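Results of the structural survey
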Amino acid sequence: MSGALLRVEHLSLDYRIGGRTVRALDGADLVLDEGASIGVVGESGSGKSTLGSAVGRLLPRAAHLAGGGVRVAGEPVFDLAPAALRRLRRELLGFVFQDPIASLDPTMRVGRQLRLVLGRRAGDKEVAGHLERVRLDPAVARAYPHQLSGGMAQRVAIAMAMATEPRLLVADEPTAALDSQVREEVLNVVFGLAAEAGAGIVWLSHDLPAVARRCERVAVMYGGRVVEEGPAAEVLGRPAHPYTAALARSAPAAAGPGTRLVPVPGRPPVLTGPAPGCAFAPRCAFAIDRCSRERPALARVGGQTVLCHRAGEPVLTAAREAEVDA
Ligand SMILES: Nc1ncnc2c1ncn2[C@@H]1O[C@H](COP(=O)(O)OP(=O)(O)OP(=O)(O)O)[C@@H](O)[C@H]1O
């Protein structure tokens, strides 16, 4: 798959603040084909936002590359000179973040902001067209960001991200700040526009059921690594990694009437350097000695790739079957 649109290879990234180091990514791998959609899920602190920002090298100053790299359409993002990086961001990438108001300039009318993205020659008609594509009234062009609701502001942010026809859209929890009805509408806009344009999507999310409904593939992150990846229905319906299974049990859709959510027991790690073994071992019901000592290599289970020493062992398969039958 050398022609992949996105290829994250063994990416390790630290945040250094004062004398303190936090390892946010610890050898993360991810591949996405042209036009495909992937939901990246995992608990808070698992590294989702860092991974998303690393795609465009949009990282805070405290972030330091510790190993590996990212390729977008074959271009090595971390090796590019500033001009080439700006061109790659402008021509290939679009980003939508959690807080739409913060991603817009409060001092500028919406129309002017869109025009800055589209190029000076863009006329009112073109601006109106881009607003209509995200199902906003063209009159919104005259508004300032503070005059918009959260949902409207996010649509403007999406219009701006999609205006340059990116080949890859990175959406970092774009609906987390919105109420549930608006959430679905905004996701319809994001996924509708990306499908129309043939753009790939990396959607960073806490919402497993929504990811299962919308994405072809799912990547599950834990301790800065992608511990399971594969077709959404298989990863979430027949998890091969014990962490994915625990996460799926803790998702709201897992609770039928009268049943209770089962939180993942224990707390996620905050790494200060490379994990010596599997970062999930201290919380894993299936951990053996080796798990805390040795980093697992990628294994294949069905359609999934899994980072687990015990992947595919009968004990895990039996647990999976029990899960499916329950
Ligand atoms: N700017 C930063 N400075 C220092 N540490 C950071 C910074 N951003 C993230 N981290 C740390 O890096 C690790 C990964 O964080 P990240 O935000 O990428 O995870 P996440 O899965 O996106 O979490 P959430 O779902 O809460 O957004 C965490 O331990 C976090 O505290």
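Residues numbered from 1 in each chain as written. Predicted model: local features only at pLDDT ≥ 70, side-chain atom pairs only at ≥ 80, totals over all residues. Heavy atoms only, no water.

As recorded in an unreviewed UniProt entry, the chain goes by the name Oligopeptide/dipeptide ABC transporter ATP-binding protein, listed as coming from Thermocatellispora tengchongensis. According to the UniProt record, the Sequence similarities (unreviewed entry) comment for the chain reads "Belongs to the ABC transporter superfamily." (UniProt positions renumbered as here; feature names shortened; annotations may be inferred.)

**Quick notes on the site of the ligand**
The ligand sits among 15 residues. The nearest are Ser44, Gly45, Lys48, Ser49 and Thr50. Within the side chain of Lys48, an N or O atom sits 2.9 Å from an oxygen atom of the ligand. For the ligand, the protein covers 69% of the area, taking 630 Å² as the surface of the free molecule. Of all the elements in the fold, those that place two or more residues in the shell around the ligand are β1 (6–17), β2 (20–32) and α1 (48–55). Ranked by the residues each element gives to the shell around the ligand, the list is headed by α1, at three residues. (Near = heavy atom within 4 Å. Polar contact = N/O pair within 3.5 Å; in protein donor to acceptor, adjacent residues only side chain to side chain. Areas by Shrake-Rupley, 256 points an atom, 1.4 Å probe, with all protein chains shown as cover. Helix = DSSP H or I, 4+ residues; strand = E, 2+ residues; numbered from the N terminus.)

**As for the UniProt feature "domain: ABC transporter" (unreviewed entry) in the chain**
UniProt records the feature "domain: ABC transporter" (unreviewed entry) at residues 6–248, using the numbering of this structure. Between the C-alpha atoms that bound residues 6–248 the distance is 26 Å, and the span itself is 37% helix and 29% strand.

**Brief notes about the sheet that holds β1**
Taken in spatial order, the four strands line up as β2-β1-β4-β5 in an open sheet, and their pairing is antiparallel. Both edges of this open sheet fall to β2 and β5 (75–76), since each of them pairs with a single strand only. Contacts from α1 reach β1, β2 and β4 (63–72), with the element oriented near 115° to β1. (Pairing = 2+ DSSP bridges. Contact = heavy atoms within 4.5 Å. Axes fitted to C-alpha atoms, helices over the stretch in contact; angles between N-to-C directions.)

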